[in-house]
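If you want the building blocks of each chain, they are given just below.
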Amino acid sequence: MTDFSLDDCKRFPENCKAFLDNVKSSDPEMAAILEANWSKLLAVVCDGERDTKARTTFNEAIAAALDDRLVKDAEAESD
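Residues numbered from 1 in each chain as written. Predicted model: local features only at pLDDT ≥ 70, side-chain atom pairs only at ≥ 80, totals over all residues. Heavy atoms only, no water.

## Some words on the nonpolar core
Across soluble globular proteins, nonpolar side chains show a tendency to be buried alongside one another. If you look at the biggest cluster of nonpolar residues, it comprises 10 residues: C16, L20, V23, A31, I33, L34, W38, F58, I62 and A65. Mapped onto this core, the elements with two or more residues apiece are α1 (12-26), α2 (28-36) and α4 (52-78). When sequence neighbours within four positions are dropped, the list of residues in contact with I62 reads I33, L34 and N37. (Core = buried A, V, L, I, M, F, W, Y, C linked by side-chain atoms within 4.5 Å. Buried < 20%, exposed > 50% of the residue type's maximum accessible area, 1.4 Å probe, protein only. Helix = DSSP H or I, 4+ residues; strand = E, 2+ residues; numbered from the N terminus. Contact = heavy atoms within 4.5 Å.)

Quick look at the structure:
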């Protein structure tokens, strides 16, 4: 776990970039998954709206990306 925290003085996009940069330093593969699906996450917090459908879409995309990663890891081990 890192000691990352959001900066109240920064705008949301700046905090997002700082968060991704922090994740990249500790887990580049996970950061790539988050970055690839970031637009789905932004739909959740756009204008402060908490959209359950957008949150579900983001969660499903992340779960699918993690499943794909597990399959690739298993295939690499079997080769």
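So, next bit.
## Looking at the packing of aromatic side chains
Across all of its chains, the model carries 2 aromatic pairs by this definition. On the basis of an interplanar angle of 25° and a centroid distance of 6.4 Å, the ring pair of F19 and W38 is categorised as stacked. Here the residue F19 occupies a position in helix α1, and W38 occupies one in helix α3 (residues 38-45), the gap between them amounting to 19 residues. Using a relative accessible area of 30% as the deciding quantity, one classes F19 as partly exposed. Three or more aromatic residues joined by ring pairs make a cluster, and in this case those are F4, F19 and W38. (Phe/Tyr/Trp six-rings, centres within 6.5 Å; stacked < 30°, edge-to-face > 60°.)

## Examining α2
Side chains of residues three or four places apart in an α-helix project in the same direction, reflecting 3.6 residues per turn. All of the buried residues in α2 are A31, I33 and L34. Buried residues along α2 cover an arc of 160° about the axis, so they all sit on one side. Residues of α2 that are exposed and angled more than 90 degrees away from the buried face: P28 and A36. (Arc of directions from axis to C-beta.)

## Considerations on the confidence of the model for the protein chain
In this model, the protein chain carries an average pLDDT of 84, and 86% of its residues clear a pLDDT of 70 or more. By mean pLDDT, the top-scoring element of the protein chain is α2 (91), and the lowest-scoring one is α3 (73). (pLDDT = per-residue confidence, 0-100.)

## Section: the packing of α1 against α2
In contact at an axis separation of 6 Å, α1 and α2 are set at 145° when each is read in the N-to-C sense. For the pair α1 and α2, the contacting residues are F19, L20, V23, K24 and S26 in the first and P28, M30, A31, L34 and E35 in the second. A class-by-class count of the residues in the contact of α1 with α2 yields 7 nonpolar, 1 polar and 2 charged. (Axes fitted to C-alpha atoms, helices over the stretch in contact; angles between N-to-C directions. Nonpolar A, V, L, I, M, F, W, Y, C, P; charged D, E, K, R; others polar.)

## Describing the packing of α2 against α4
One way to put it is that α2 packs onto α4 with a least axis distance of 10 Å and a crossing angle of 140°. Regarding the angle of α2 to α4, the classification is oblique. The handedness of the crossing between α2 and α4 comes out as right-handed. Note on element contacts: α4 touches α2 through F58, I62, A65, L66 and R69, opposite E29, M30, I33 and L34. Partitioning the contact of α2 with α4 into residue classes produces 7 nonpolar, no polar and 2 charged. (Parallel < 35°, antiparallel > 145°, perpendicular 65-115°, else oblique. Left-handed = near helix turned anticlockwise from the far one by under 90°.)

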